[in-house]
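Each chain is listed here by its residues.
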Amino acid sequence: MTSPFDGLEPKLLFSYFEKLTQIPRCSKNEAGVIEYLLGLAKEKGLEADRDQAGNVVIRLPASPGKESAPTVILQGHMDMVGEKDSDSPHDFAKDPIPVKREGEHLTAEGTTLGADNGVGLAAALALIDDSDAVHGPLELLFTVDEETGLTGAQAISADFLQGRTLLNLDSEEEGAIYVGCAGGADTHITLPLKRSGRDGERLGVKVSGLKGGHSGLDINTGRANAVKVLALFLDRLRARTGLGLVNIAGGDKHNAIPREATAEIVLDSGGRAAADEVLARFRQDLQACYGKSDPDIVVELGAGGGDTPVLDQPSRDRLLDLLLAAPHGVLAMSQQVAGLVETSTNLAVVRTEADAATIMESSRSSVAPALAEVQGGLFALARLAGGRPEDAGGYPGWQPNMDSAVLARAREVHRKVTGREAEIKAIHAGLECGIIGEKFGGMDMISFGPQIEWPHSPSERVHIGSVGRFYEFLKALLAELSG
Ligand SMILES: [Zn+2]
């Protein structure tokens with residue numbers, strides 16, 4: 001039987017990647033790959049450490065004559081996202097990834113491939129055996145649990161690493177060098193509610209058909225937020241009908257733009273006709289605002305049920321006003337990197353219980369004080385509404401440093417190796433560099449990688465030719481940094 005890896009170059013790199021695809025390594029199930037990495041270090045006679053969280057560092061001595069060069073850290077995450085097609089029999093806990101070749105790409109049969117970040121790891125490991133490679137002392141850092149909250153990077157202790165130059169091998173675009181990422185902060189608001197008895201016609205409102213998307217990477221699309229759309233509609237009903245509000249629910253994940261939201265309402269007799277009129281006008285206005293980004297938005301008014309008492313009027317107004325005033329979308333563009341969203345916030349989730357509503361906002365920024373400012377504003381808004389704000393956790397960003405020494409040398413090497421300028425980019429989402437940069441003062445970092453498409457999905461694939469070019473660039477950069 002022929003292997004999909006037959007004949008692939010660089011051979012060393014692909015043989016390590018093949019090995020990694022045979023070891024189950026979904027997030028929080030990294031024991032096998034930790035053991036493999038430590039075993040490999042031992043077999044090669046290299047010093048290695050693992051910390052409490054499971055992060056591994058393998059120390060690779062400098063090539064001859066380069067012993068006094070500064071230590072460089074090569075970093076990737078050993079976990080992968082396990083996603084498969086609904087009809088795939090694959091068991092991520094024990095099966096090897098069913099890798100296949102498709103033209104110029106490697107992909108997997110019905111599952112994620114784990115090229116994110118397996119190819120990055122394999123590149124670092126290939127250097128162990130690569131007699132051509134010229135480099136100073138290297139620390140090969142492999143973190144756990146990147147994909148479900150960056151907890152591996154968060155657990156690294158300050159004495160785990162000596163180097164102060166870090167090459168993160170976890171980005172997915174050939175020809176690009178990443179120099180920044182966003183930090184995140186979640187804010188929970190609890191708003192006390194009171195209810196009272198009231199009769200009338202019970203109706204349900206449903207907002208659906210929105211595109212949604214990732215709250216960082218897609219926030220610049222201007223797509224509609226279902227919670228906002230619902231609040232806008234209820235606000236118009238309030239103005240025309242003496243709306244009774246029972247419950248609101250919308251959104252479910254902090255990192256997704258809400259695609260659906262629902263409300264239970266009560267209208268006085270005769271209110272329904274007015275509500276239908278309001279709805280007809282509202283639909284037209286939605287088309288004017290979101291006809292392009294979300295052409296399929298549906299707002300429906302249907303029969304309701306249940307007997308939960310309605311919110312009293314002050315509670316209704318505080319909740320609706322809070323949702324109307326809560327920010328959503330892009331708040332600032334980067335002054336350093338053209339086209340990069342610097343700061344944004346996602347009105348992510350709203351739920352009502354018997355005596356309180358909970359609202360979650362998930363904010364991001366590549367500039368730490370800007371992120372703090374957004375969260376401060378949300379706290380202020382919560383207090384104005386009579387609610388209780390709470391910091392629900394977050395992680396630091398990585399502010400682009402266009403004067404970085406490693407960036408300047410990487411651009412130079414990129415020009416020499418490829419004949420083209422590298423694109424300098426930043427990402428409006430979390431990367432481990434943000435956390436590592438905060439822990440290790442003065443860490444000079446960049447991130448790059450091969451061309452990987454549709455990571456985190458069963459369509460994930462890596463361009464084979466780009467892997468070779470990525471490795472050549474890495475080697476050329478290491479040689480430059482050791483000189
Ligand atoms: Zn990754």
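In this report, the structure presented in the accompanying data block is examined. (Residues numbered from 1 in each chain as written. Predicted model: local features only at pLDDT ≥ 70, side-chain atom pairs only at ≥ 80, totals over all residues. Heavy atoms only, no water.)

1. Re the overall build of the protein
Helix and strand counts for the protein come out as eleven helices and 23 strands. Here the C-alpha coordinates of the protein stretch approximately 85 × 50 × 45 Å along the principal axes. The long-range fraction of contacts in the protein, counting pairs at least 24 apart against all pairs at least 6 apart in sequence, stands at 78%. Carbon and sulfur atoms make up 49% of the accessible area of the protein, which totals about 20,100 Å². Of the charged side chains in the protein, 47 are positive and 69 negative, and the gap between their average positions amounts to 4 Å. (Helix = DSSP H or I, 4+ residues; strand = E, 2+ residues; numbered from the N terminus. Contact = heavy atoms within 4.5 Å. Areas by Shrake-Rupley, 256 points an atom, 1.4 Å probe, with all protein chains shown as cover. Lys, Arg positive; Asp, Glu negative; His and termini not counted. Charge placed at Lys NZ, Arg CZ, Asp CG, Glu CD.)

2. A look at the side chain of Ser 482
Here Ser 482 lies in the segment after helix 11 (464–481). Classification of Ser 482 by relative accessible area gives buried; the value is 8%. Among the polar contacts listed, one links the side chain of Ser 482 to the backbone oxygen of Ala 479, at a separation of 2.8 Å. The contacts of Ser 482, once residues within four sequence positions are left out, are Lys 66, Ala 69, Val 134, His 135 and Gly 136. (Buried < 20%, exposed > 50% of the residue type's maximum accessible area, 1.4 Å probe, protein only. Polar contact = N/O pair within 3.5 Å; in protein donor to acceptor, adjacent residues only side chain to side chain.)

3. Observations regarding the environment of Pro 98
Of note, Pro 98 is situated in the loop between strand 3 (72–77) and strand 4 (99–102). Sequence separation between Pro 98 and Ala 263 is 165 residues, and the spatial gap between their C-alpha atoms is 45 Å. Once you skip the residues sitting within four places of it in the chain, Pro 98 turns out to touch His 90, Thr 107, Ala 108, Glu 109 and Thr 111.

4. Description of the nonpolar core
With 67 residues, the main nonpolar core has Leu 74, Leu 106, Phe 142, Leu 167, Ile 446 and Leu 474 as its most contacted residues. Ranked by residues supplied to this core, first place goes to helix 3 (residues 115–129) with ten residues. Excluding residues that lie within four positions of it along the chain, Phe 142 makes contacts with Leu 37, Asn 55, Val 56, Ile 58, Gly 76, Met 78, Leu 121, Ala 124 and Leu 125. By size, the runner-up hydrophobic cluster in this structure holds 44 residues, among which are Val 227, Leu 234, Ala 263 and Ala 326. (Core = buried A, V, L, I, M, F, W, Y, C linked by side-chain atoms within 4.5 Å.)

5. A closer look at the packing of aromatic side chains
All chains considered together, the criterion is met by four aromatic pairs. With a centroid separation of 6.1 Å and an interplanar angle of 70 degrees, the aromatic rings of Phe 5 and Phe 17 are classed as edge-to-face. Taken as a pair, Phe 5 in the segment before helix 1 (11–21) and Phe 17 in helix 1 lie far apart in primary sequence, twelve residues in all. Relative accessible area serves as the criterion here: at 9%, Phe 5 is assigned to the buried category. Look at Phe 17 and you get buried, because its relative accessible area is 0%. Centre to centre, the rings of Phe 448 and Phe 470 are 5.9 Å apart; their planes meet at 65 degrees, and the pair counts as edge-to-face. Of this pair, Phe 448 sits in the loop between strand 21 (444–447) and strand 22 (452–453) while Phe 470 is found in helix 11, placing the two residues 22 residues apart along the sequence. You can call Phe 470 buried: its relative accessible area is 4%. By way of ring pairs, the aromatic residues Phe 448, Phe 470 and Phe 473 are connected into one cluster. (Phe/Tyr/Trp six-rings, centres within 6.5 Å; stacked < 30°, edge-to-face > 60°.)

6. Some thoughts on unusual backbone geometry
Cis rather than trans, the peptide bond between Glu 9 and Pro 10 has omega equal to -5 degrees. Checked against the element boundaries, Pro 10 lands in the segment before helix 1. In this structure, Asn 117 follows Asp 116 across a cis peptide bond, with omega equal to 10 degrees. Its identity as a non-glycine residue notwithstanding, His 456 has a phi of 70 degrees, on the positive side. Among the structural elements, His 456 can be located in the loop between strand 22 and strand 23 (461–463).

7. Overview of helix 9 (residues 405–418)
With 14 residues, helix 9 ought to run about 20 Å at 1.5 Å a step, and its terminal C-alpha atoms sit 20 Å apart, in line with that. For helix 9, every residue scored as buried is listed here: Val 406, Leu 407, Ala 410, Val 413 and His 414. Angular distribution of buried residues about the axis of helix 9 spans 125 degrees; they occupy a single face of the element. Where the residues of helix 9 are buried, they touch strand 7 (165–168), strand 8 (176–181), strand 20 (423–427), strand 21 and helix 11. The distance from a side-chain oxygen at the start of helix 9 to the backbone nitrogen of Val 406 is 3.3 Å, and the residue carrying that oxygen is Ser 404. Phi turns positive one or two residues past the end of helix 9, at Gly 419, with a value near 75 degrees. (Expected span 1.5 Å × (residues − 1). Arc of directions from axis to C-beta.)

8. Some points on the pairing of strand 20
Going residue by residue along strand 20, you find Ile 424 and Ala 426 tucked away on one face and Glu 423, Lys 425 and Ile 427 left uncovered on the opposite face. Taken together, the five bridges between strand 8 and strand 20 define a ladder with parallel strand orientation. Across the sheet, residue Ala 176 finds its bridge partner in strand 20, namely Glu 423. (Pairing = 2+ DSSP bridges.)

9. Focus: the coordination of the zinc ion
Protein coordination of the zinc ion is provided by His 77 (NE2), Asp 116 (OD) and Asp 170 (OD), with donor distances spanning 2.0 to 2.3 Å. Between the donor residues of the zinc ion, the gaps in sequence give the motif H-x38-D-x53-D. In this pair, His 77 is assigned in strand 3 and Asp 170 in the loop between strand 7 and strand 8, connecting sequence segments 93 residues apart. Asp 170 matches His 77 in its accessibility class, with the two residues each being buried. (Donors = N, O, S within 2.8 Å, 3.2 Å for Na, K, Ca; no water.)

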